[in-house]
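Read off the chains here:
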Amino acid sequence: MTENVSITSSARRETFGGLVYRIYVGFCFEHISHYFTCQALKGWVQRARKRLIVFRKNDVDIESNFREAIREDPEDEEEKPSGFLSFTVDEHSNPFYTWTCLVCLVAMHPLIFTALSVFNDVHPFLRKTGPFNLIFDLVNILDLIAHTRIEYVENGVAVKNLSKLFHHRLMSKFFILDVIAVIPAESMEVFGESFFWARINRLAKFQVYRLFDFSTQTDTRTTSPHAFGLFKLIFICLVIFHWNGCLYFHISKVYNYSTARLEHWIFSYDKIINPILADCVTDSPDDKHFCDTDDLLITHLPENEVQYTVTSFMTTWDNKTTTLKFANFFRQYALSFYWSALTLVTLGEQPSPCTTFQNAFEIGDTLLGLVIFAVIVGDVGNMVVAINLRKSEFDNVLDGCKRFMVYRKVPNLLRKKAVEYFTYLWAHGGAQVDEEEIAEFLPPRLFGEIAVEIHMDTLKKVKLFEDCDPRLLYELILKLQLRVYSPMDYICKKGDVGTEMYIVKEGFVEVVSEDGQTIFVTLPAGFVFGELSILNIPGNKNKNLRTASVRSKGYSDLYVLDKEDLWEALREYPHAKDSLIEKGIQILEKDKMIDPNMVDDEEGDFSGSIEDYMEHLNHEVLKITKMIDDAEKNIHVSHLAKQKDYCIVPEFSTNNENAAVWNGNGTD
Ligand SMILES: Nc1ncnc2c1ncn2[C@@H]1O[C@@H]2COP(=O)(O)O[C@H]2[C@H]1O
């Protein structure tokens, strides 16, 4: 009672901040209500006018024509956003997500403190921090305005027309919650003295949809949705415990908890005593705080001395102990929260309720707890299953492989190698996602864009593709396959027919002699190999056979490109093909693997379709014609030179007009 009286009198003492706040909220409320009334009226008049047009047209389907009229209204087309104030909001943008986070943080205040206001000790704090409510309300109002500008999709197109956006919001069921959340109920004292409860309307917005918005957006953005899901569950539990605990304390207040004892259902201080700590030591007689246990021997005393001895004993021990005094609020809140948590998780172990209301409350709580925990346990179960799904699928494959190897009596060394490969695959993350499944699910164009993002960096490092047309690279990227090789695994052997080429993504590969004893070169990430036998390089002594063996040094991740895929892509890019072959020739020439006499024979290796072959031949004919023209010119010039006994400087021999001609005497 005394507490209530003091709170009432202090509540009447209005601070300057409080006065400013009340004026501000009154002002805002008046303006906002005027604004919305005007907008609602304007919208109503517009809609009425359109309905009139529709009625005049005397059409059967009034509603569909009404929609049609709205769509065709030329006024809508005229109103285009321009200037700073005519901004629109993309609800999936980063700034709006940040704003949503801020709104949710602000909304934590009423979520926590509205319930906490049942504890009288919190009131001074709430009164002191009252002016902060100004900021919180401002955020709520800005959020309300921002929501009238949120773009929405109509017929697949984002609507940015301001009046349409406003109208859309006005018609939304959430708009009313936004308005309820900004009503300054506390300044109107509709809840009388207990004004802290008046801010409960702020929760209308928060609980119903803004937290939900935040959760949905975070779910789509986070890379650990399971961790976020767990966080959400814990948060929801804590909030429910908090509100239920505060309600329990409120009921205890109604039942006057100050006289309650340990065995009562309601809150009692006896249930949460302050801890008493010994202020002396037991094993050091020299210490002045030595605990004299002789005091305890009272059993041999005559009865009349017992009372005196006990009192002196109490006094003695009072001097030898320290009581840790926790704040009133802490004890009240801690026990209420504990009671709430125990009841909701249906663990019980609480004093039994002794009135009908207490019984009903306890039953309600237990039912609520059952429902909540059924949902939570189900959710956590789903989460655990989802986390382990991929792993259990992978384990199944591994088990299958092991069983297969036992059944087929595979040697132990190979078994070990296969198991190690599986372990590497899982640890390296390669087996944790199914790229093929994702590729099937995503539209090809989108998957292409993602693949370009992932592989472009590696492909750009590849010397062979240095000057390639970016479009060719794009085509190639879509055809790449990732393959993992174990240590000392041969990727190709000298003399094999080449059917694919490789790009080292991670790890090292060694180009070795046929017997594997001599290592010619070690290729790190970004290098290409296996291209020589699939490019049909004219004059390649090895034709389409591998020029060397290549093996993986440790574990290596390689992108594999099929010969046919490469040629299919190259068909569209003949210049890129020439440049690739040119580079191949350079590599082969270095190793003296080009035989000029074989150039004519190489056509036999062409691996494309008949149309491609024709095109290829045309290209070759053009090349040869040009070579013959050049040769003819050379012959013509040297013939002239011979006739005139002139000498021709070789560098300019291909160009008659610019040829520097020099006769033996040094004169023209
Ligand atoms: N001396 C070398 N230096 C670098 N790479 C080589 C060397 N010799 C062969 N290779 C690569 O090893 C590959 C073996 O298959 P290919 O002949 O198709 O293509 C070969 C080249 O890519």
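Residues numbered from 1 in each chain as written. Predicted model: local features only at pLDDT ≥ 70, side-chain atom pairs only at ≥ 80, totals over all residues. Heavy atoms only, no water.

How do you make sense of the overall build of the protein chain when you look at a structure like this?
Secondary structure assignment for the protein chain yields 22 helices and 14 strands. When each of the 668 residues of the protein chain is scored for burial, the buried share is 35%. Residue pairs in contact within the protein chain that sit at least 24 positions apart in sequence constitute 70% of those at least 6 positions apart. For the protein chain, the exposed area adds up to about 41200 Å²; of that, 62% sits on carbon and sulfur atoms. (Helix = DSSP H or I, 4+ residues; strand = E, 2+ residues; numbered from the N terminus. Buried < 20%, exposed > 50% of the residue type's maximum accessible area, 1.4 Å probe, protein only. Contact = heavy atoms within 4.5 Å. Areas by Shrake-Rupley, 256 points an atom, 1.4 Å probe, with all protein chains shown as cover.)

Sorry if this is basic, but what is going on with the UniProt feature "transmembrane region" (unreviewed entry) in the protein chain here?
Feature annotation in UniProt assigns "transmembrane region" (unreviewed entry) to the following positions: residues 96-119, 230-251 and 367-389. Within residues 230-251, the helical portion is 100% and the strand portion 0%, while the C-alpha atoms at the span's ends are 32 Å from each other. Secondary structure across residues 367-389 divides into 100% helix and 0% strand, with the first and last C-alpha atoms of the span separated by 32 Å. (UniProt positions renumbered as here; feature names shortened; annotations may be inferred.)

Whenever I open this one, the site of the ligand confuses me. Can you help?
V511, V521, F529, G530, E531, L532, S533, R546, T547, A548, V550 and D591 make up every residue found near the ligand. A distance of 2.7 Å separates an oxygen atom of the ligand from a polar side-chain atom of E531. Within the side chain of R546, a nitrogen or oxygen atom sits 2.8 Å from an oxygen atom of the ligand. Calculation on the ligand without its partners gives an accessible area of 450 Å², and the protein chains cover 84% of this total. (Near = heavy atom within 4 Å. Polar contact = N/O pair within 3.5 Å; in protein donor to acceptor, adjacent residues only side chain to side chain.)

Looking at this structure, I do not really get unusual backbone geometry. What am I missing?
Glycine aside, a negative phi is what most residues show, and trans is what most peptide bonds show. Positive phi, close to 65 degrees, is recorded for M488, a residue that is not glycine. By secondary structure assignment, the location of M488 is in the loop between β5 (481-485) and β6 (490-492). With phi around 55 degrees, N536 is a residue other than glycine that occupies positive phi space. Looking at where N536 falls in the secondary structure, it is placed in the loop between β10 (528-529) and β11 (549-552). Classification of N536 as buried rests on a relative accessible area of 9%.

Where do I start with the pattern of salt bridges in this structure?
It is possible for side chains of opposite charge to pair when their charged atoms get near one another. Within the structure shown, the criterion is met by 12 salt bridges. Its salt-bridge partner being D395, residue K391 comes within 3.3 Å of it at the nearest N-O pair. In this pair, K391 and D395 are both assigned in helix α15 (residues 356-407), 4 residues apart and thus about one turn of the helix distant. K416 is the partner of E420 in a salt bridge, and the nearest nitrogen-oxygen pair spans 3.3 Å. Residue E420 and its partner K416 are located together in helix α16 (residues 412-427), separated by 4 residues, close to a single helical turn. Its relative accessible area of 52% is what places K416 among the exposed residues. (Salt bridge = Lys/Arg side-chain N within 4 Å of Asp/Glu carboxyl O.)

What should I look at first to understand the sheet that holds strand β7 (residues 500-506) in this one?
Within a beta sheet, neighbouring strands are joined by backbone hydrogen bonds and run either parallel or antiparallel to one another. Strand order in the open sheet formed by 4 strands is β5-β12-β7-β10, and the pairing between neighbours is antiparallel. At either margin of the open sheet sits one strand with a lone partner, and together these are β5 and β10. Bridge analysis of β7 against strand β12 (residues 556-562) gives 6 bridges, and the strand direction is antiparallel. Bridge assignment links E500 to a residue of β12, and that residue is D562. Relative to the sheet, helix α18 (residues 444-461) contacts β7 and β12, its axis offset from that of β7 by approximately 100 degrees. (Pairing = 2+ DSSP bridges. Axes fitted to C-alpha atoms, helices over the stretch in contact; angles between N-to-C directions.)

Teacher, can you tell me more about the sheet that holds strand β9 (residues 519-523) here?
A sheet is described by the order of its strands in space; here 4 strands give the open sequence β6-β11-β8-β9, paired in antiparallel fashion. A single partner strand is all that each edge strand has here, and the edge strands are β6 and β9. Averaged over all pairs of adjacent strands, the angle between strand axes in this sheet comes to 30 degrees, irrespective of strand direction. Where strand β8 (residues 509-512) lies against β9, 4 bridges are found, and the strand directions are antiparallel. The residue bridging V512 from the neighbouring strand is I519, located in β9.

Please explain the pairing of β8 as it appears in this structure.
In the case of a regular strand, side chains alternate between the two sheet surfaces. Here β8 shows no split at all, with V509 and V511 on one side and E510 and V512 on the other all buried. Hairpin connection between β8 and β9: a loop of 6 residues separates the two successive antiparallel strands, and G516 in this loop has a positive phi of roughly 80 degrees. Pairing geometry for β8 and β11, over 4 bridges, is antiparallel. Looking at β11, one finds that V511 is bridged to V550.

What exactly am I supposed to notice about the pairing of β11 here?
Residues S549 and R551 point to one face of β11 and V550 and S552 to the other, with burial holding for every one of them. Note: β6 against β11, 2 bridges, orientation antiparallel. In the strand pairing of β11, Y490 is matched with R551.

Where do I start with the packing of aromatic side chains in this structure?
We describe a pair of aromatic rings using the distance from one ring centre to the other and the angle between the two ring planes. Considering all chains together, one arrives at 28 aromatic pairs under this definition. Considering the side-chain rings of F249 and F267, the 5.4 Å spacing of their centres and the 70 degrees angle between planes classify their relative orientation as edge-to-face. Here the residue F249 occupies a position in helix α12 (residues 225-254), and F267 occupies one in the loop between α12 and β3 (276-278), the gap between them amounting to 18 residues. Just as F249 is buried, F267 falls in that class too. An angle of 75 degrees between the planes, with centres 5.3 Å apart, marks the rings of Y257 and F267 as edge-to-face. (Phe/Tyr/Trp six-rings, centres within 6.5 Å; stacked < 30°, edge-to-face > 60°.)

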